[in-house]
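Summary of structural features
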Amino acid sequence: MGGEAYEDKGTVTVMERKEYAVFRELLRMVPGMEARLMESSEEEVVHLADLIQKGANGARADDSKGMKTAIIDWITPKGQSLNPHIPRNVKAGRGFNHERTGALLCPAGLDWENTE
């Protein structure tokens, strides 16, 4: 799995280079992973890739879930509540669909209060 053969191919995209760099870093971080991959069947490698993807998706979902609550706390003025209320565990009613979040998302050069 030496990097020389891969990098010598002239048709490698920027994204492929980034993915390869991440793969090389993963091999560096996990001792014995390269040997295990070389010994594994294609089905085992595909299964491992699926597990890694599920872990990444789960981490991303956990990050998003935690941010929903923190953001509501952050945008709510002290001692007040948002009107209408934004549930902590629901995505609907956020973004440009809510007065407070819409105003925060509005580009700096525009006035959120101006309906035109």
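Residues numbered from 1 in each chain as written. Predicted model: local features only at pLDDT ≥ 70, side-chain atom pairs only at ≥ 80, totals over all residues. Heavy atoms only, no water.

**Side note on the overall build of the protein**
- For the protein, the helix and strand inventory stands at five helices and zero strands.
- Helices (α) and strands (β) of the protein occur, in sequence order from the N terminus, as α-α-α-α-α.
- In terms of overall dimensions, the protein is more spread out than a globule: its C-alpha atoms have a radius of gyration of 23 Å, far above the 13 Å expected for 116 residues.
- By its C-alpha atoms, the protein is 60 × 30 × 25 Å across when sized along the principal axes. (Helix = DSSP H or I, 4+ residues; strand = E, 2+ residues; numbered from the N terminus. Rg over C-alpha atoms; globule rule 2.2 N^0.38 Å.)

**Details of the layout of surface pockets**
- By volume, the largest pocket is sized at about 260 Å³.
- In terms of lining residues, the largest pocket is bounded by 11 residues, among which F23, L26, M33, A49 and I52 are the most central.
- Only helix 2 (14–29), helix 3 (33–39) and helix 4 (42–75) provide two or more residues apiece to the lining of the largest pocket. (1 Å grid on protein atoms, 1.4 Å probe; cavity = no way out; pocket = protein on both sides within 12 Å on 5 of 7 lines; lining within 4 Å. Points joined across faces, edges and corners; volume = space filled by probe spheres on them.)

**Some details on the packing of aromatic side chains**
- In total, this model carries two aromatic pairs according to the counting rule given.
- Taken together, a centroid distance of 6.5 Å and an interplanar angle of 35° make the contact between Y20 and F23 tilted. Here Y20 and its partner F23 are both found in helix 2, three residues apart, which amounts to about one turn of the helix.
- Of the residues examined, F23 reaches a relative accessible area of 27% and is grouped as partly exposed. (Phe/Tyr/Trp six-rings, centres within 6.5 Å; stacked < 30°, edge-to-face > 60°. Buried < 20%, exposed > 50% of the residue type's maximum accessible area, 1.4 Å probe, protein only.)

**Considerations on the environment of M15**
- Along the chain, the position of M15 falls in helix 2.
- Put simply, M15 and E34 are 19 residues apart on the chain and 22 Å apart in space, counted from C-alpha to C-alpha.

**Quick notes on the domain arrangement of the protein**
- When the domains of the protein are assigned, the result is domain 1 (13–68) and domain 2 (76–115).
- Each of domain 1 and domain 2 was reduced to a C-alpha centroid, and the two centroids are 37 Å apart. (Domains from an automatic or database assignment.)

**Side note on a nonpolar patch on the surface**
- A contiguous nonpolar patch, built from M67, I71, W74 and L104 and spanning about 460 Å² of accessible area, is present on the exposed surface.
- The leading source of residues in the nonpolar patch is helix 4, at three residues.
- Checked against the element boundaries, L104 lands in helix 5 (residues 99–105). (Patch = residues over 30% accessible without salt bridge, like charges linked within 9 Å, V, L, I, M, F, W, Y side chains within 5 Å. Areas by Shrake-Rupley, 256 points an atom, 1.4 Å probe, with all protein chains shown as cover. Salt bridge = Lys/Arg side-chain N within 4 Å of Asp/Glu carboxyl O.)

**A short note on the pattern of salt bridges**
- A full pass over the atoms with the stated rule returns two salt bridges.
- Between R28 and E25 there is a salt bridge; the shortest N-O distance is 2.5 Å. Pair noted here: R28 and E25 are both in helix 2, with a separation of three residues, about one helical turn.
- On the accessibility criterion, E25 (33% relative accessible area) is partly exposed.

**Side note on the side chain of T101**
- By secondary structure assignment, the location of T101 is in helix 5.
- Its relative accessible area of 11% is what places T101 among the buried residues.
- Apart from residues lying up to four places away in sequence, T101 is in contact with I75, I86, R94 and G95. (Contact = heavy atoms within 4.5 Å.)

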